[in-house]
Amino acid sequence: MSKPCHSGLGKSTLVNTLFKSQVSRKSTGWARDEKIPKTVEIKSVSHVIEEGGVKMKLTVVDTPGFGDLINNDNCWDPISKFINEQYEKFLKEEVNITRKKRIPDTRVHCCLYFISPTGHSLRQLDIEFMKRLSHSVNIIPVIAKADTMTIEERQDFKQRVRKELEMSGIEFYPQKEFDEDMEDKSDNDKIREAMPFAVVGSDKEYQVNGKRVLGRKTAWGIVEVENPNHCEFAQLRDFLIRSHLQDLKEVTHNIHYETYRAKRLNENGGLHPISSSDTQESNL
Amino acid sequence: MDAIMLQEKLVERLLCPRVRTARQKEKQYVGFATLPNQVHRKSVKKGFDFTLMVAGESGMGKSTLVNSLFLTDLYKDRKLLNAEERINQTVEIIKHTVDIEEKGVKLKLTIVDTPGFGDAVNNNECWKPITDYIDQQFEQYFRDESGLNRKNIQDNRVHCCLYFIPPFGHGLRPVDVEFMKALHEKVNIIPLIAKADCLTPNEIKKLKDRIREEIDKFGIKVYQFPECDSDEDEEFKQLDKELKECTPFAVIGSNTVVEARGQRVRGRLYPWGIVEVENQSHCDFVKLRNMLIRSHMHDLKDVTCDVHYENYRAQCIQEMTSKLAQDNRMESPLPILPLSTPDVDTEKLIKMKDEELKRMQEMLNKMQQQMHEKDQ
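Residues numbered from 1 in each chain as written. Chains lettered and ligands numbered in written order. Predicted model: local features only at pLDDT ≥ 70, side-chain atom pairs only at ≥ 80, totals over all residues. Heavy atoms only, no water.

By the naming in an unreviewed UniProt entry, chain B goes by Septin and is assigned to Monopterus albus. The UniProt entry for chain B carries the following comment under Subcellular location (unreviewed entry): "Cytoplasm". UniProt lists a comment for chain B under the heading Sequence similarities (unreviewed entry), and it reads "Belongs to the TRAFAC class TrmE-Era-EngA-EngB-Septin-like GTPase superfamily. Septin GTPase family." (UniProt positions renumbered as here; feature names shortened; annotations may be inferred.)

Chain A appears in an unreviewed UniProt entry as Neuronal-specific septin-3 from Monopterus albus. In its Subcellular location (unreviewed entry) section, the UniProt record describing chain A reads: "Cytoplasm".

Next comes the structure, spelled out in structure tokens:
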């Protein structure tokens, strides 16, 4: 999973909340001597988490520096490169003569893109990024720090964002073209209507109505993260983890990876991309 | 010697103030204590003006805050552009002027808006249109001031710039630093933390500390509240101290009125509570309003006139004199100012007088020489 956005939009907190564990190291902003990196960096951290006897190796890829500079031209290039490198690694393993039974899969299955809750519309940077990457990775747009907007503003903003995504031809996950049957389509339609999810993350617990809940405490009330009346965190979590996790992997493998593979093979005139770089002869 | 004494008495009479009449001497009261009232009456008649600039990315709540501060609705017919439409937009400067009146005092308020700032993918020098605008206003005032007819000078200089820092970051971003550094010697900058209702009190404190640190570190000169006089009472001094420690102000604005605690107040209604704009424990809106409008509006104007404008003017004159020296013209003691309305007739007159002076000087020189020869 990869998550680009400007720093400070709550990426690390949200990931920690989603997986109920410290999988993402929260940076306390730029340390005194650290400057905002001149180019976008890619930092990848892996954890093995377990639930009900099921183990999962979760890798979170962070992209500090994205969108933070004055000139953000092509700041999506390092990210695009990283995603393609993972595909390349997998491809190399796949075409090996003696290949491992289970190829280590470092491909990015899902990209959570955090949209700034300005309340107006998407930023140009958002559109540029999503346009370029929606064909190589599953993008799930998320409205960060949703406690900035009232319910009305949130609905207006979501509608506008959806319209803009449509107008720009950006297909976010779950993509309409990959719906397999009518049941899938109706389920996914409901989800698409509700996206992008407006979320609030928190790793602190407070007492509300006798229960301990995750939330943010302000002078005028406590925002409960898992309360569906307050924000859509629960919906995002259910969607991402409880129902579509496997599907995300399948779409990545069957569609995005295959697209990449076909492109690579075509570049080499139908030859194995690896063999043509190793030897000068053609062999298939 | 009588003549001398008389002369002295005359000088005394002329230089000293009028001798009080016997009756007034008893009261020990001249009457100029009414001067403040006279000034007040004249100012109220003339009316006041104030130019405020708001800068920051779109969606920071600038328009809402301005509406909340001045209880107006300046942006009724605004159409928000979507991202596609904004792709080729450059930073614009838009002025809204509104005349408001309160208790007989008129204020002509001009809000200078800067849509498009910081919204592009490449924001290199996106502050240039803003610095150019501020310089243009200074230049226009400079010309008017140096002109011949100075009765109706229009003062369009920007008195204060509210800069909105997004609350989503971890402090100042590169674009914030560059913007403030480009403008801190041209205009009074007041940095604000926008949309403060998405931060918990702890987070606000951390962010404020962080921003203050970074402002020091980068040497940004934001507007400093003047020190209060030593003869003010303790309560005032305490309030003043609190105000200074609260910067940058974390503000929230609202265009809607909600019902809270039995009263109708400006606020934002969330499922988890109601944020009241004018509640001091919710945000610093009241502090900002008091500081900007109720106590320091005039000081902001003074600093603009006395410091920023004078800096500009000095720089301008320096450039002009150095240009003149380069052109190898006669070094004139006064810089030749570009008069906005060169009056041909008066110029002719000035030339004539100059020539006359030259002639008289030559004659004097001749006479002096003759006298010198005679003596010898």
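Draft legend 1. Layout of the sheet that holds strand β7 (residues 257-260) of chain B. All names here are of chain B. Ordered by their spatial adjacency, three strands build an open sheet running β7-β8-β9, and the pairing between neighbours is antiparallel. Each end of this open sheet is capped by a strand with a single partner; those strands are β7 and β9 (273-276). Direction aside, neighbouring strands of the sheet carry axes that sit 70 degrees apart on average. With four bridges joining them, β7 and strand β8 (residues 263-270) adopt antiparallel strand pairing. For valine 257, the partnering residue across the bridge sits in β8 and is arginine 266. (Pairing = 2+ DSSP bridges. Helix = DSSP H or I, 4+ residues; strand = E, 2+ residues; numbered from the N terminus. Axes fitted to C-alpha atoms, helices over the stretch in contact; angles between N-to-C directions.)

Draft legend 2. Expanded view of the packing of helix α6 (residues 128-146) of chain B against helix α7 (residues 174-183) of chain B. Residues and elements named next belong to chain B. One can describe the packing of α6 onto α7 by two numbers: an axis separation of 10 Å at closest approach and a directional angle of 15 degrees. As judged from the angle between their axes, α6 and α7 are roughly parallel. α7 is crossed by α6, and the crossing has right-handed handedness. Contact residues: α6 offers Ile130, Thr131 and Ile134, while α7 offers Phe179, Ala182 and Leu183. A breakdown of the residues in the contact of α6 with α7 according to their chemical character gives five nonpolar, one polar and no charged. (Parallel < 35°, antiparallel > 145°, perpendicular 65-115°, else oblique. Left-handed = near helix turned anticlockwise from the far one by under 90°. Contact = heavy atoms within 4.5 Å. Nonpolar A, V, L, I, M, F, W, Y, C, P; charged D, E, K, R; others polar.)

Draft legend 3. Local environment of the side chain of asparagine 67 of chain B. You can see asparagine 67 of chain B is positioned in helix α4 (residues 62-70). At a separation of 3.5 Å, a polar atom in the side chain of asparagine 67 of chain B contacts the side chain of asparagine 255 of chain B. (Polar contact = N/O pair within 3.5 Å; in protein donor to acceptor, adjacent residues only side chain to side chain.)

Draft legend 4. Inspection of the pattern of salt bridges at higher detail. Within the structure shown, the criterion is met by 38 salt bridges over all chains. Aspartate 176 of chain B is paired through a salt bridge with arginine 173 of chain B; the nearest N and O atoms lie 3.0 Å apart. Judged by its relative accessible area of 0%, aspartate 176 of chain B is buried. Note that aspartate 209 of chain B and arginine 212 of chain B form a salt bridge whose closest N and O atoms lie 2.8 Å from each other. Of the two residues, aspartate 209 of chain B and arginine 212 of chain B are both situated in helix α8 (residues 201-217); the distance of three residues between them amounts to about one turn of the helix. Residue class for aspartate 209 of chain B comes out partly exposed when judged on its relative accessible area of 30%. Within the structure, one salt-bridge network assembled from shared partners comprises Arg123 of chain A together with Glu57, Arg173 and Asp176 of chain B. (Salt bridge = Lys/Arg side-chain N within 4 Å of Asp/Glu carboxyl O. Buried < 20%, exposed > 50% of the residue type's maximum accessible area, 1.4 Å probe, protein only.)

Draft legend 5. Broad picture of the nonpolar core. Core analysis: the biggest nonpolar cluster contains 147 residues, and Phe129 and Ile140 of chain A together with Leu162 and Phe179 of chain B have the highest contact counts within it. When residues no more than four places from it in sequence are discounted, the contact partners of phenylalanine 179 of chain B are Ala55, Phe117, Trp127, Ile130, Cys161 and Tyr163 of chain B. (Core = buried A, V, L, I, M, F, W, Y, C linked by side-chain atoms within 4.5 Å.)

Draft legend 6. Expanded view of a nonpolar patch on the surface. On the surface, Val30, Phe32 and Leu35 of chain B cluster together into a nonpolar patch covering about 310 Å² of accessible area. Here phenylalanine 32 of chain B lies in the loop between α2 (22-27) and α3 (35-46). (Patch = residues over 30% accessible without salt bridge, like charges linked within 9 Å, V, L, I, M, F, W, Y side chains within 5 Å. Areas by Shrake-Rupley, 256 points an atom, 1.4 Å probe, with all protein chains shown as cover.)

Draft legend 7. Inspection of α6 of chain B at higher detail. All names here are of chain B. With 19 residues, α6 extends 27 Å between its outermost C-alpha atoms, agreeing within 8% with the 27 Å of an ideal straight helix rising 1.5 Å per residue. Of the positions making up α6, those classed as buried are Ile130, Thr131, Tyr133, Ile134, Gln137, Phe138, Tyr141, Phe142 and Ser146. The secondary structure elements touched by the buried residues of α6 are β1 (48-55), β2 (94-102), β3 (105-113), α7 and α11 (297-326). (Expected span 1.5 Å × (residues − 1).)

Draft legend 8. Focus on the interface of chain B and chain A. Between chain B and chain A, the contact holds 46 residues from the first and 50 residues from the second. Broken down residue by residue, the surface that chain B buries against chain A is led by Val121, Phe168 and Trp272 of chain B, which jointly contribute 22%. With a closest N to O distance of 2.7 Å, arginine 216 of chain A and glutamate 203 of chain B form a salt bridge. Here chain B is connected to chain A by 13 residue pairs in polar contact (both at pLDDT 80 or more). When residues of the side of chain B that touches chain A are traced back to their parent elements, those giving at least two are α5 (83-86), α7, α8, β8 and β9 of chain B. If one sorts the elements of the side of chain B that touches chain A by residue count, α8 of chain B sits on top with five residues. Of the residues in the side of chain B that touches chain A, the class split is 20 nonpolar, 13 polar and 13 charged. (Buried area = accessible area lost by both parts, 1.4 Å probe.)

Draft legend 9. Up close: a negative patch on the surface. All names here are of chain B. Residues Asp229, Asp231, Glu232, Asp233, Glu234 and Glu235 make up a contiguous surface patch of negative charge. Residue placement: aspartate 229 occurs in the loop between α8 and α9 (234-245). Owing to a relative accessible area of 47%, aspartate 229 belongs among the partly exposed residues under this scheme. (Lys, Arg positive; Asp, Glu negative; His and termini not counted. Charge placed at Lys NZ, Arg CZ, Asp CG, Glu CD.)

Draft legend 10. Local environment of the packing of aromatic side chains. Here the structure, examined in full by the defined rule, presents 15 aromatic pairs over all chains. Each ring, one from tyrosine 87 of chain A and one from tyrosine 260 of chain A, has its centre 5.5 Å from the other, and the planes form 40 degrees; the classification is tilted. Residue tyrosine 87 of chain A is found in helix α2 (residues 77-95), and its partner tyrosine 260 of chain A is found in helix α7 (residues 245-267); the two are separated by 173 residues along the sequence. When its relative accessible area of 1% is taken as the criterion, tyrosine 87 of chain A is described as buried. The exposure class of tyrosine 260 of chain A is buried, given its relative accessible area of 10%. Among the aromatic residues, ring-to-ring pairing joins Tyr87, Phe90, Tyr257 and Tyr260 of chain A into one connected group. Note that arginine 107 of chain A overlies the ring of phenylalanine 90 of chain A, its terminal NZ or CZ placed 3.7 Å from the centroid. For arginine 157 of chain B, the ring lying beneath its charged end belongs to tyrosine 309 of chain B, and the centroid distance is 4.7 Å. (Phe/Tyr/Trp six-rings, centres within 6.5 Å; stacked < 30°, edge-to-face > 60°. Lys NZ or Arg CZ within 6 Å of the ring centre and 35° of its normal.)

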